[in-house]
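Here is what each chain is made of, one letter per residue.
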Amino acid sequence: MIRNGHGTADSSKNLGPGTKRTVRVWCDGCYDMVHYGHSNQLRQARAMGDYLVVGVHNDEEIAKHKGPPVFTQEERYKMVQAIKWVDEIVAGAPYVTALETLDKYNCDFCVHGNDITLTVDGRDTYEEVKKAGRYRECKRTQGVSTTDLVGRMLLMTKAHHSSRELPSEYQEYTDSFGKCPRSHSPWTGVSQFLQTSQKIIQFASGKEPEPGDTIIYVAGAFDLFHIGHVSFLEKVYQLAERPYIIAGLHFDQEVNHYKGKNYPIMNVHERTLSVLACRYVAEVVIGAPYAVTANLLDHFKEPKRRGIFRQINSGNDLTTDLIVQRIIKNRLEYEARNQKKEARELAVLEAIKKREVMPEGAAMQVEGPCEA
């Protein structure tokens, strides 16, 4: 159990005159390849209460129910801990959410997206808390999924850099990536991300630097925002007593110029949300120049003196390239995992539809999932 010491507000729900009680919220999941969709779910969950506890499953539990994760449990624990709406994480949380777990961590209810999570034998992992009335739903973030990100890594195109309609070959690939051939699940699929000003406002801190703050500027691609980035930003955060970190994000064309291939995997709008969700970052510059100029420093009222550049060793050698290599190495295994996941979802969806139309007392047969 790990508590965060900064990045979230200390508040409680007012239950009446002079009476306040902290509403504790529970979320759980694999949080493998953490992206801004995960962060948005946790943001929405945190808004439903005062204190957010996030349970993260260990590698063994994920391998049993879904297949081997891309990231290790230690990497996933640290990634979730770095999300600014998270107050506390529970390492090795059980895959099936039980009332016993909510009671153990004094949580009033749990929150999950409006999709479905199933065990290896096809059971809803939230069945018990749903029946007890201690379950809430939040909106799933459109336009991002782990499936889509993996597809971008494997399909060497730059289609994801554009907000225009996706080309047919990209859409055909992502639509069929690891899918059950019978049909498609509404919960495992790819949709197009469209950035809005409201979404940026929801993720932004809205805080201006105050007198006494040390303003620190960092810049880069921050593509597939990962544990290497988090380790670096954490080290930067520790450089000052009151740090105010501004992260500059390079435009897609600039990143592609120095990285090549189909990089960045995430476009600049997606990367913006990923970085804004990090508790160590106060502000983001969208489309920052590759070279730090005097004008850029002046814009943020930095001192006009030399000797203010520092190079930080993050202590973590993970890069976007290494993530892509992990995916490519385990491509067949990952596709099989995704296909089995969708097949279980389809079986449940079909059972729900039959239950809605069948007369009371009639027998019901559910077709098993297709083999990977």
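For the structure, see preceding data.
Values in this document were obtained by computation on a predicted structure and should not be read as measured data. Per chain, the residues get numbers from 1 upward, laid out in the order the sequence is written. Only residues with pLDDT of at least 70 get local features here, since the model is predicted, and only at 80 or more are side-chain atom pairs given and counted; chain-wide, interface and lining totals rely on the full set of residues. Only heavy atoms go into the side-chain values, all of them from the structure, while hydrogens and water stay out.

*Asks:* Pulling in residues and values, what's your account of the overall build of the protein chain?
*Replies:* Helix and strand labels come from DSSP, where a helix needs a run of H or I of at least four residues and a strand needs a run of E of at least two; each type is numbered from the N terminus. The helix and strand inventory of the protein chain stands at 14 helices and 11 strands. Expressed as a percentage of the 372 residues in the protein chain, the buried residues total 51%. Contacts were defined at the residue level, with two residues in contact if any of their heavy atoms lie within 4.5 Å. For the protein chain, contacts bridging at least 24 residues in sequence account for 79% of all contacts bridging at least 6. For accessible areas, the Shrake-Rupley method is used with a probe of radius 1.4 Å. Any residue's cover is judged against the shown protein chains and nothing else. Accessible surface for the protein chain amounts to roughly 18900 Å². Of this, 50% is attributable to carbon and sulfur atoms. Only protein chains enter the area calculation, which uses a 1.4 Å probe; residues under 20% of their type maximum are buried, those over 50% are exposed, and those in between are partly exposed.

*Asks:* Break down the sheet that holds strand 4 (residues 24-29) for me, citing the residues and quoting the values.
*Replies:* Only strands that DSSP links by at least two bridges are regarded as paired with each other. One open sheet accounts for six strands, arranged 1-6-5-4-7-8; its pairing is mixed. Both edges of this open sheet fall to strand 1 (2-3) and strand 8 (135-138), since each of them pairs with a single strand only. Alignment of strand 7 (residues 109-113) against strand 8, held across four bridges, turns out to be parallel. The residue of strand 8 that forms the bridge with Gly 113 is Cys 138.

*Asks:* Please set out the side chain of Ser 231 residue by residue, giving values where relevant.
*Replies:* As for its placement among the helices and strands, Ser 231 is situated in helix 9 (residues 227-237). Taking relative accessible area as the criterion, Ser 231 reaches 6% and is therefore assigned buried. The residues contacting Ser 231, other than those within four sequence positions of it, are Lys 78, Ser 314 and Asn 316.

*Asks:* Tell me about empty space enclosed by the protein, residues and numbers included.
*Replies:* Here a cavity denotes grid points, spaced 1 Å and computed from the protein atoms alone, that fit a 1.4 Å probe unable to get out, and a pocket denotes an open set having protein on both sides within 12 Å along at least 5 of 7 lines; residues with an atom within 4 Å of a point are the lining. Grid points are joined across faces, edges and corners, and a volume is the space filled by probe spheres set on the points. Across all of its chains, the model carries three cavities of 30 Å³ or more by this definition. In this structure, the second largest cavity occupies an estimated 100 Å³ of space. In terms of lining residues, the second largest cavity is bounded by Met 33, Val 34, Phe 71, Met 79, Leu 149, Leu 224, Phe 225, His 226, Ile 227, Met 266 and Ile 323. Per-class residue counts for the lining of the second largest cavity are 10 nonpolar, one polar and no charged. Start and end points for every domain follow an automatic or database-based domain assignment. There are two domains that each give the lining of the second largest cavity at least three residues, and those are domain 1 (24-138) and domain 3 (197-318). The residue classification treats Ala, Val, Leu, Ile, Met, Phe, Trp, Tyr, Cys and Pro as nonpolar and Asp, Glu, Lys and Arg as charged. All others, Gly included, are polar.

*Asks:* Explain the sheet that holds strand 10 (residues 243-249) to me, and be specific about the residues and the numbers.
*Replies:* Strand order in the open sheet made by the three strands is 9-10-11, with parallel pairing throughout. In this open sheet, the two edge strands, each paired with only one partner strand, are strand 9 (214-220) and strand 11 (283-286). Taken over all neighbouring pairs, the strand axes of this sheet differ in orientation by 20 degrees on average, direction set aside. One ladder, built from four bridges, connects strand 10 with strand 11; its direction is parallel. Each bridged residue has a counterpart across the sheet, and for Ile 246 the counterpart in strand 11 is Glu 283. To obtain each axis, a line is fitted to C-alpha atoms, and for helices this fit is confined to the stretch in contact; angles are then taken between N-to-C directions over 0 to 180 degrees.

*Asks:* Please give an account of the environment of Val 80 that cites residues and values.
*Replies:* Among the structural elements, Val 80 can be located in helix 3 (residues 73-81). Measuring from C-alpha to C-alpha, the distance between Val 80 and Tyr 31 comes to 7.3 Å, with 49 residues separating the pair along the chain. If we skip the residues at most four places from it in the chain, Val 80 touches Tyr 31, Val 34, Val 54, Val 56, Val 86 and Ile 89.

*Asks:* Talk me through helix 11 (residues 268-276); I want residue IDs and the actual numbers.
*Replies:* Within helix 11, eight of the nine residues are buried, which leaves the element mostly enclosed by the surrounding structure. All of the buried residues in helix 11 are Val 268, Glu 270, Arg 271, Thr 272, Leu 273, Ser 274, Val 275 and Leu 276. Contacts from the buried residues of helix 11 go to helix 1 (36-47), helix 6 (146-154), helix 8 (197-203), strand 10, helix 10 (252-259) and strand 11. A 3.5 Å cut-off defines polar contacts: any pair of N or O atoms within that distance qualifies, except that in protein one atom must be a possible hydrogen donor and the other a possible acceptor, and neighbouring residues in sequence count only when both atoms are side-chain atoms. Of the residues that open helix 11, the one with a side-chain oxygen 3.0 Å from the backbone nitrogen of His 269 is Asn 267.

Keep in mind these numbers describe shape, not what the thing actually does.
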